[in-house]
Amino acid sequence: MTSTLRPADAAQTQSRPGRWLALCVLVLAVLLVAVDATVLGLATPYISEDLNPSGTQLLWIGDVYSFVIAGLLVSMGSLGDRIGRKRILLGGATAFGAISVLNAYAATPESMILARALLGVAGATLMPATLALIRNLFHDPRERSLAVGIWGATASAGTAVGPIAGGFLLEHFWWGSVFLINLPVMAVLVLVGIRTLPESRNPDSGPWDLVSVALSLVGVIGVVYAVKEAAAHGVTGLTLATGLLGATALYGFVRRQFTLPAPLLDMRLFRRRGFSGAVLADLLTVLGMSGLVFFLSQYLQLVQGRRPFEAGLAELPAAVGAVAAGLVAGRAARRFSVRAVVSGGLAAVGLALAALTTLSRTTGYPALGAAFLVVGVGAGFSFTVTADVILSSVPKDQAGAASAVSETAYELGAALGIALLGSIVTGVYRDFTGPSGTPAQAHESLGAAVEASAHMPPHTAGTLLEAARGSFVHGLHLACGAGAAVLLATAAAAWFLLKNQNLEDAG
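Residues numbered from 1 in each chain as written. Predicted model: local features only at pLDDT ≥ 70, side-chain atom pairs only at ≥ 80, totals over all residues. Heavy atoms only, no water.

With respect to the overall build of the protein
What counts is decided by this rule: Helix and strand definitions here come from DSSP, where helices need a minimum of 4 consecutive H or I residues and strands a minimum of 2 consecutive E residues; each element is numbered from the N-terminal end. Burial status follows relative accessibility: with a 1.4 Å probe on protein chains alone, a residue under 20% of its type maximum counts as buried, one over 50% as exposed, and anything between as partly exposed. We call two residues in contact whenever any of their non-hydrogen atoms come within 4.5 Å of each other. Surface accessibility follows the Shrake-Rupley procedure with a 1.4 Å probe radius. Residue values consider only the protein chains on display as shielding.
For the protein, the count of helices and strands is 19 helices and 0 strands. Out of the 507 residues belonging to the protein, those deemed buried represent 58%. A separation threshold of at least 6 residues defines the contact pool for the protein, and within that pool the share at least 24 residues apart is 86%. For the protein, the accessible area works out to roughly 18,800 Å², and carbon and sulfur atoms hold 67% of it.

Things to note about the packing of helix α4 (residues 85–104) against helix α6 (residues 126–137)
Definition in use: The axes are straight lines fitted to the C-alpha atoms, using for helices just the contacting stretch, and the angles between their N-to-C directions are given from 0 to 180°. Should an angle fall under 35 degrees it is called roughly parallel, over 145 degrees roughly antiparallel, and 65 to 115 degrees roughly perpendicular, with every other angle called oblique. Here a crossing is taken to be left-handed if its near helix is turned anticlockwise relative to the far helix by less than a right angle, and right-handed if that turn runs clockwise. Residues are sorted three ways: Asp, Glu, Lys and Arg are charged, Ala, Val, Leu, Ile, Met, Phe, Trp, Tyr, Cys and Pro are nonpolar, and all the rest, Gly among them, are polar.
One way to put it is that α4 packs onto α6 with a least axis distance of 9 Å and a crossing angle of 150°. Classified by the angle between their axes, α4 and α6 sit roughly antiparallel to one another. α6 is crossed by α4, and the crossing has left-handed handedness. Contacts from Arg-85, Lys-86, Ile-88, Leu-89, Gly-92, Ala-93 and Phe-96 in α4 reach Leu-126, Ala-129, Thr-130, Ala-132, Leu-133 and Asn-136 in α6. Taken together, the residues of the contact of α4 with α6 break down into 8 nonpolar, 3 polar and 2 charged.

Notes on helix α14 (residues 316–335)
Each α-helix turn comprises 3.6 residues. Residues three or four places apart therefore point the same way. This is how it is decided: Here the expected length of a helix is defined as 1.5 Å per residue gap, with one fewer gap than residues.
The end-to-end C-alpha separation of α14 is 29 Å, in line with the 28 Å expected for 20 residues at 1.5 Å each. For α14, the set of buried residues is Pro-317, Ala-319, Gly-321, Ala-322, Ala-325, Gly-326, Ala-329, Gly-330, Ala-332 and Ala-333.

Quick word on the side chain of Ser-343
As for its placement among the helices and strands, Ser-343 is situated in helix α15 (residues 338–355). If near-sequence neighbours (up to four positions away) are discounted, Ser-343 is found in contact with Ala-491, Ala-494 and Trp-495.

Regarding α15
With 18 residues, α15 extends 26 Å from end C-alpha to end C-alpha; this agrees with the ideal 26 Å at 1.5 Å per step. Within α15 the residues assigned to the buried category are Val-338, Arg-339, Val-341, Val-342, Ser-343, Gly-345, Leu-346, Val-349, Gly-350, Ala-352 and Leu-353.

Quick word on the environment of Leu-346
Tracing the chain through its elements places Leu-346 in helix α15. Along the chain, Leu-346 and Thr-285 lie 61 residues apart, while their C-alpha atoms are 7.3 Å from each other.

Remarks on the packing of aromatic side chains
When we look at a pair of aromatic rings, we describe it by the centre distance and by the angle of the planes. To keep it simple, the criterion reads: Any two rings among Phe, Tyr and Trp, with Trp reduced to its six-membered ring, count as a pair given centres within 6.5 Å; such a pair is stacked if its planes are under 30 degrees apart, edge-to-face if over 60, and tilted if neither. Definition used: whenever NZ (Lys) or CZ (Arg) falls within 6 Å of the ring centre and also within 35 degrees of the ring normal, the charge is taken to sit over that ring.
Taken as a whole, this structure holds 1 aromatic pair when the rule is applied. Plain terms: the ring middles of Phe-270 and Phe-275 are 5.3 Å apart, the flat faces sit at 80° to each other, and that makes the pair edge-to-face. Residue Phe-270 is classed as partly exposed on the basis of its relative accessible area of 30%. Take Phe-275: its relative accessible area is 0%, and that puts it in the buried class. Positioned above the aromatic ring of Trp-495, the side-chain terminus of Arg-339 is 3.8 Å from the ring centre.

A few points about the confidence of the model for the protein
Going by this rule: Values of pLDDT, the confidence the predictor places in each residue, fall between 0 and 100.
The predicted model of the protein has a mean per-residue pLDDT of 79, with 90% of residues at 70 or higher. Below pLDDT 50 for its whole length, residues 1–15 participates in 29 contacts with residues either more than four positions away or in separate chains.

Some words on the nonpolar core
Rules: For our purposes a nonpolar core is just a set of buried Ala, Val, Leu, Ile, Met, Phe, Trp, Tyr and Cys residues, chained together by side-chain atoms within 4.5 Å.
Counting 136 residues, the largest nonpolar core has Met-112, Ile-134, Trp-175 and Tyr-299 as its most contacted members. Of the residues forming this core, the biggest block, 15 residues, is contributed by helix α12 (residues 273–303). Setting aside residues no more than four positions away along its own chain, Met-112 makes contact with Leu-40, Ile-47, Leu-51, Ile-61, Asn-103, Ala-106, Trp-175 and Phe-179.

A look at the environment of Thr-125
Applied cut-off: Two N or O atoms form a polar contact when they lie within 3.5 Å of each other; inside protein one atom must be a possible hydrogen donor and the other a possible acceptor, and for residues adjacent in sequence the pair counts only when both atoms belong to side chains.
Relative to the elements of secondary structure, Thr-125 occurs in the loop between α5 (109–123) and α6. What makes Thr-125 buried here is its relative accessible area of 8%. Apart from the residues lying within four places of it in its own chain, the contact partners of Thr-125 are Met-76, Ile-88, Leu-89 and Gly-92. Engagement of the side chain of Thr-125 in a polar contact is seen with the backbone oxygen of Ala-122, the distance being 2.7 Å.

Some thoughts on the packing of α4 against helix α9 (residues 182–196)
Direction vectors running N to C along α4 and α9 enclose 160°, while the axes themselves pass 9 Å from each other. Classified by the angle their axes make, α4 and α9 are roughly antiparallel. By crossing handedness, the relation of α4 to α9 is classed as left-handed. Contacts between α4 and α9 pair Lys-86, Leu-90, Ala-93, Thr-94, Phe-96, Gly-97, Ser-100 and Val-101 from the former with Asn-182, Leu-183, Met-186, Leu-189, Val-190, Gly-193 and Ile-194 from the latter. Residues belonging to the contact of α4 with α9 are distributed by class as follows: 9 nonpolar, 5 polar and 1 charged.

Pasting the structure below:
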């Protein structure tokens with residue numbers, strides 16, 4: 001089955017009951033990626049203790065996956081349009097499961113960073129293919145909105161399943177076990193997907209341009225690396241050179257797309273205000289939230305002293321709110337307006353992040369749970385509607401590349417957010433004043449300080465932990481404040497950029 005259908009064929013596809021079973025397979029791929037992203041944060045204190053990475057290495061473990069996946073998403077989305085979205089989805093899922101084993105058994109910080117990078121290569125094949133297949137499976141706008149809502153709700157559910165399952169595993173097994181939970185999900189996805197997913201591709205897509213692939217990868221990684229290093233260590237000659245190389249590669253990528261008869265990415269898509277507005281909103285939203293997401297598990301475990309399973313349960317309200325909002329987001333956007341739902345959701349997240357600037361080491365759970373619930377509801381409304389806007393703004397033959405742009409914005413926002421906001425937390429944390437005899441490694445991360453305190457006299461250990469935790473919370477305050485400012489500014493921008501946009505607009 002291809003994506004070029006006569007009207008009668010399209011009607012038949014639209015009424016084919018198998019499309020909902022196929023959707024179940026697609027959301028398994030989303031679950032695979034979401035679970036992997038969340039369990040890393042929960043396992044970070046254990047990885048820090050076992051592998052003893054430096055602060056910079058710890059940030060690389062957290063964001064190299066996003067760097068690689070952001071650099072390859074457009075290329076992989078375009079490849080799926082050419083060779084078949086089902087084929088690339090199932091192949092990528094198989095590789096994702098296999099590489100998860102490498103993550104589980106990494107023995108050094110360097111091998112962990114490499115394993116995360118390879119996982120990014122496999123992950124880049126999954127998300128664009130799932131959204132592109134939804135675009136080709138569901139031709140009715142209302143059905144497509146519901147399907148996208150289920151897709152988004154599953155991603156949010158994965159953020160709940162990941163910490164809870166990961167917390168249970170961390171209390172009973174070693175930290176590598178949290179990556180092995182990908183294997184059964186991958187197995188079900190591949191075995192069921194072979195029989196239920198229809199193949200779709202763009203028959204007029206032309207060859208896959210390897211020069212464009214290289215330019216995209218070098219450009220994204222170069223720019224993000226430069227931002228990360230400048231935020232963490234200041235501007236240096238190497239940072240400037242890397243950033244300039246990345247910017248030049250991205251400029252070359254854009255110029256090349258205009259000259260190719262069959263580009264990897266049709267740059268004319270960005271002339272559509274709804275498309276470009278939704279992409280920008282996704283990028284800035286994830287950027288603003290990333291500092292909280294990456295350091296939240298460390299706060300719950302290392303500052304408040306919660307067990308891993310308890311920390312996972314503590315994050316549950318955010319996922320519950322996102323699931324509930326995702327399922328009704330399309331209906332809400334039709335009743336009120338796209339811009340009202342997106343802007344309102346982003347403003348809610350921004351206000352919740354602002355409230356979290358009052359966190360202390362003893363903040364009670366009711367206040368934390370309420371803030372997490374608001375973050376989840378706001379993000380669920382915003383991300384679901386922007387994904388639907390992006391899909392409905394393009395022809396179905398370009399669904400893979402367009403979906404890849406959406407996911408690139410998400411991953412690029414995550415990488416930049418961890419780099420910028422994460423560097424704020426790390427930079428503030430390193431400046432704490434510990435007791436005499438505090439080892440240098442205790443200033444690298446809070447996990448390292450907890451580990452160092454275990455080998456110190458009780459009084460000295462208590463003083464060290466008090467200073468380290470206080471400094472970490474102060475850095476978290478600044479990151480949440482910066483994130484709140486970004487989210488509120490994005491809400492205002494979305495109000496203007498998504499004016500007159502509706503979910504029935506077709507490409």
